[in-house]
Amino acid sequence: MTKKEPKTKRISDILDASIQEFVEKGYENASMESIAARAGLTKGGLYYHFNSKDDILVKANEAFMEPIFTFMGEAMADPDAADGLAGYIRNYLTYWTGHPHELSFVFLTMTKTILNENFQYLYKGYTSQMTAFFDSIYLKGITERRFKSFNPHSASIALMAALDGIIGYLAIDADLLLEQTINDFIESFITIYKER
């Protein structure tokens, strides 16, 4: 066992504890002391790893992006742009519907970001990354003649907004079925652009 493993485990425990604390109590009512207690650390031990709740918020958001980056890499590596994008849509929606606490935390973070300019860079960077990814995969499909010619940036913005919008509804509306939603997204954002 390396020295990094215990530190990595402690960071993971802190992030898990903070997510539970923030979701249950709200960001403003959560305290570093209660986060430390949930993580099995002293308050001083928590401050050894994080300077503030804000630091934890930022790190948790970075951690949530790790699987998304994996899905993006898999999509770009697929030799068929349409198949890669369909795989991304499936992975993205399946991931978030399977992680309701993390999803609640993301929405809590978005609320905090709207009210605090100091956090807006988190989502400005996110939107840039996501639209660049979708632009790239759509352009790849156009270049390979898998997609007809269209405005990929307009489609990218619409797809990003639609994916991030539907994940909350999938979590709260039992009438929205995951598999049907995935198929609807594939129809609306991939099939419609395919060369016939």
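Nothing here was measured: the structure is a model prediction, and the numbers come from that model.

Chemist: So what about the overall build of the protein? Which residues, and what values?
Modeler: Of regular secondary structure, the protein possesses nine helices and zero strands. Secondary structure of the protein in N-to-C order comes out as α-α-α-α-α-α-α-α-α. Each of the three principal axes of the protein carries a C-alpha extent, and together these read 60 × 40 × 30 Å. Within the protein, the proportion of its 196 residues that are buried is 42%. In the protein, of all internal contacts separated by at least 6 residues, the share reaching a separation of at least 24 is 68%. The protein carries 19 positive and 26 negative side-chain charges, and their two centres are separated by 5 Å.

Chemist: Which residues make up helix α2 (residues 32-39), and what values do they have?
Modeler: Among the residues of α2, those classed as buried are M32, S34, I35, A36 and A39. Following α2 by one or two positions, G40 has its phi on the positive side, about 75°.

Chemist: Go over helix α9 (residues 178-189), please, and point to the residues and values.
Modeler: The end-to-end C-alpha distance of α9 is 16 Å, a good match for the 16 Å that 12 residues give at a rise of 1.5 Å each. Among all positions of α9, only T181, I182, F185, I186 and F189 are buried. End-on, the buried residues of α9 take up no more than an arc of 140°, which puts them together on one face. At its buried positions, α9 is contacted by α5 (81-97), α7 (120-143) and α8 (152-172).

Chemist: Summarise the packing of aromatic side chains; cite the residues concerned and give the values.
Modeler: Aromatic ring pairs are described here by two measures, namely the spacing of the ring centres and the angle between the planes. Throughout the structure, instances matching the rule amount to 15 aromatic pairs. Between F147 and F150, the aromatic rings sit 6.2 Å apart at their centres with planes inclined by 80°, giving edge-to-face as the arrangement. Here the two residues F147 and F150 agree in accessibility, since each one is buried. Members of the aromatic cluster, connected to one another through ring pairs, are F71, Y88, Y92, Y95, W96, F133 and F134. Over the ring of Y27 we find K53; its NZ or CZ atom is 4.6 Å from the centre of that ring.

Chemist: Talk me through the packing of α8 against α9; I want residue IDs and the actual numbers.
Modeler: Relative orientation and spacing of two packed helices are given, respectively, by the angle between their axes and the distance between those axes. Between α8 and α9, the shortest axis-to-axis distance is 12 Å and the interhelical angle comes to 170°. Accordingly, the angle class assigned to the pair α8 and α9 is roughly antiparallel. The segment α8 lies against α9, with A155, A158, L159, A162, L163, I166 and L170 engaging L178, T181, F185 and F189. Considering only residue class, the contact of α8 with α9 consists of 10 nonpolar, one polar and no charged.

Chemist: Which residues make up the side chain of E21, and what values go with them?
Modeler: Looking at the element boundaries, E21 is found in helix α1 (residues 4-25). The class of E21 is buried, set by a relative accessible area of 1%. Polar contacts involving the side chain of E21 include one to the side chain of R38, which spans 2.5 Å. Discounting residues that sit within four places of it in the chain, E21 has contacts with G26, A30, S31, S34, I35 and R38.

Chemist: Let's hear about the packing of helix α4 (residues 53-77) against α7: which residues, and what values?
Modeler: Interaxial distance between α4 and α7 falls to 12 Å at its minimum, and their mutual angle equals 5°. Relative to α7, the element α4 is oriented roughly parallel. Facing V58, N61, M65, I68, F69, M72, A75 and M76 of α4, the residues of α7 in contact are Y121, L122, Y123, Y126, Q129, M130, F133, S136, I137 and K140. Of the residues assigned to the contact of α4 with α7, the class counts are 14 nonpolar, three polar and one charged.

Chemist: So, the pattern of salt bridges: which residues are in play, and what are the values?
Modeler: Here the structure, examined in full by the defined rule, presents six salt bridges. Notably, a salt bridge pairs E21 with K25, separated by 2.8 Å at the nearest N-O pair. Taken together, the residues span about one helical turn, with E21 and K25 both in helix α1 at a distance of four residues. The class for K25 is partly exposed, based on a relative accessible area of 38%. Between R146 and D80 there is a salt bridge, with its nearest N and O atoms 2.6 Å apart.

Rules of the game
- Residues numbered from 1 in each chain as written.
- Predicted model: local features only at pLDDT ≥ 70, side-chain atom pairs only at ≥ 80, totals over all residues.
- Heavy atoms only, no water.
- Helix = DSSP H or I, 4+ residues; strand = E, 2+ residues; numbered from the N terminus.
- Buried < 20%, exposed > 50% of the residue type's maximum accessible area, 1.4 Å probe, protein only.
- Contact = heavy atoms within 4.5 Å.
- Lys, Arg positive; Asp, Glu negative; His and termini not counted.
- Charge placed at Lys NZ, Arg CZ, Asp CG, Glu CD.
- Expected span 1.5 Å × (residues − 1).
- Arc of directions from axis to C-beta.
- Phe/Tyr/Trp six-rings, centres within 6.5 Å; stacked < 30°, edge-to-face > 60°.
- Lys NZ or Arg CZ within 6 Å of the ring centre and 35° of its normal.
- Axes fitted to C-alpha atoms, helices over the stretch in contact; angles between N-to-C directions.
- Parallel < 35°, antiparallel > 145°, perpendicular 65-115°, else oblique.
- Nonpolar A, V, L, I, M, F, W, Y, C, P; charged D, E, K, R; others polar.
- Polar contact = N/O pair within 3.5 Å; in protein donor to acceptor, adjacent residues only side chain to side chain.
- Salt bridge = Lys/Arg side-chain N within 4 Å of Asp/Glu carboxyl O.

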